[in-house]
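# Coordinate inspection notes
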Amino acid sequence: MLFRSFVFWLDRRDGGSVEALYGQHLDAAGIPQWTVDGKAIYAETGNSVTSFTCMLFDGGILMSWMKVSGSGYADTLFAKKIDYNGNDVWANASTVATKNGTVGLTPYAYNSFPNDSGAFIAYTIIYIGGSSAFLLNRVGFNGDVRWAVNSKSFALSGYDYRSCWDGDNGLYAVSKG
């Protein structure tokens, strides 16, 4: 049996306030298989990662992360597939969601789940100065985004959403408030 162990983290190795997303693959003995101190999954000057998810995905790893430019709520939600060596499989990261006017992206209910055509990515938005909403998009095995960004929202009473995989081909979402 092949043992695969991956770890991902947010890192401020540049000494500033920008957090980049890094990862490492460890073998069965705990020996790093990628570059020393990890491999950059997403690192861009002036932009920080506020949260991320990862899951095994179609012979690789699906990474998704929320990026913020400056401070405040996240402005973009990306997804990309990497192989077991940490290399990009897709030419570019897919844009799953974006901040729009007075709407910001929040890490609440932010999660990824497998489905028959790729993966669901669940997330929430907050209307600046007001309530929030639960949203969903799908990313295919080749990186295509199924629906227009921020177009699939679901009204649940309350706020503070959570989501989990249903073990089949869908997900559950709950809210409180």
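Rules behind the numbers
- Residues numbered from 1 in each chain as written.
- Predicted model: local features only at pLDDT ≥ 70, side-chain atom pairs only at ≥ 80, totals over all residues.
- Heavy atoms only, no water.
- Helix = DSSP H or I, 4+ residues; strand = E, 2+ residues; numbered from the N terminus.
- Rg over C-alpha atoms; globule rule 2.2 N^0.38 Å.
- Pairing = 2+ DSSP bridges.
- Axes fitted to C-alpha atoms, helices over the stretch in contact; angles between N-to-C directions.
- Buried < 20%, exposed > 50% of the residue type's maximum accessible area, 1.4 Å probe, protein only.
- Phe/Tyr/Trp six-rings, centres within 6.5 Å; stacked < 30°, edge-to-face > 60°.
- Lys NZ or Arg CZ within 6 Å of the ring centre and 35° of its normal.
- Polar contact = N/O pair within 3.5 Å; in protein donor to acceptor, adjacent residues only side chain to side chain.
- Contact = heavy atoms within 4.5 Å.
- Salt bridge = Lys/Arg side-chain N within 4 Å of Asp/Glu carboxyl O.

Turning our eyes to something else, we now look at the overall build of the protein. Check the secondary structure of the protein and you find 0 helices and 13 strands. When the helices and strands of the protein are listed from N to C terminus, the series reads β-β-β-β-β-β-β-β-β-β-β-β-β. In terms of overall size, the protein behaves like a compact globule, its C-alpha atoms giving a radius of gyration of 16 Å where 177 residues would be expected to give roughly 16 Å. With the principal axes as the frame, the protein shows a C-alpha extent of 50 × 40 × 30 Å.

In this section: the sheet that holds strand β6 (residues 76–82). What the 4 strands build is an open sheet, ordered β4-β5-β6-β7; its pairing is antiparallel. Strands at the two margins of the open sheet, each flanked by one partner only, are β4 (47–57) and β7 (94–98). Ignoring strand direction, the axes of neighbouring strands in this sheet form an average angle of 20°. Looking at chain direction, strand β5 (residues 60–69) and β6 are connected through 7 bridges and run antiparallel. Paired with S64 across the strands is A79, a residue of β6.

The strand order β1-β2-β3 describes an open sheet built from 3 strands, whose pairing is antiparallel. Of all strands in the sheet, those bounded by a partner on one side alone are β1 (5–11) and β3 (39–42). Across this sheet, the average inter-strand angle for adjacent strands is 35°, counted without regard to direction. One ladder, built from 7 bridges, connects β1 with strand β2 (residues 20–26); its direction is antiparallel. Bridge pairing in β2 places S5 opposite L26.

Here we take up the pairing of β5. For β5, the buried fraction is high: 9 of the 10 residues fall into the buried class. The pairing of β4 with β5 spans 10 bridges and is classified as antiparallel. Paired with C54 across the strands is M63, a residue of β5. Once β4 ends, the chain turns through 2 residues before running back antiparallel as β5, passing D58 with a positive phi of about 50°. In this structure, the hairpin formed by β5 and β6 is closed by a connection of 6 residues, where G70 is found at a positive phi of approximately 85°.

One pass over the structure, following the stated rule, counts 11 aromatic pairs. Positioned above the aromatic ring of Y22 is the side chain of R13, whose terminal nitrogen or guanidinium carbon lies 3.7 Å from the ring centre.

Along the chain, the position of S48 falls in strand β4. A distance of 2.9 Å separates a polar side-chain atom of S48 from the backbone nitrogen of E19. If near-sequence neighbours (up to four positions away) are discounted, S48 is found in contact with S17, V18, E19, M66, K67 and V68.

Another aspect to go through is the environment of I61. Within the secondary structure, I61 is located in strand β5. Beyond its immediate stretch of four places on either side in the chain, I61 contacts F6, F8, C54, M55, L56, K80, K81, I82 and Y84.

Moving on, we come to unusual backbone geometry. Located in the positive-phi region is D37, a residue other than glycine, with phi close to 65°. Inspection of the secondary structure puts D37 in the loop between β2 and β3. Even without a glycine there, the phi angle at N150 is positive, about 60°. One can find N150 in the loop between β10 (132–140) and β11 (153–154).

Scanning the model with the defined rule gives 6 salt bridges in all. The salt bridge involving D11 is made with R13; its shortest N-O contact spans 3.0 Å. With relative accessibility at 14%, the residue D11 sits in the buried group. Relative accessible area serves as the criterion here: at 40%, R13 is assigned to the partly exposed category.

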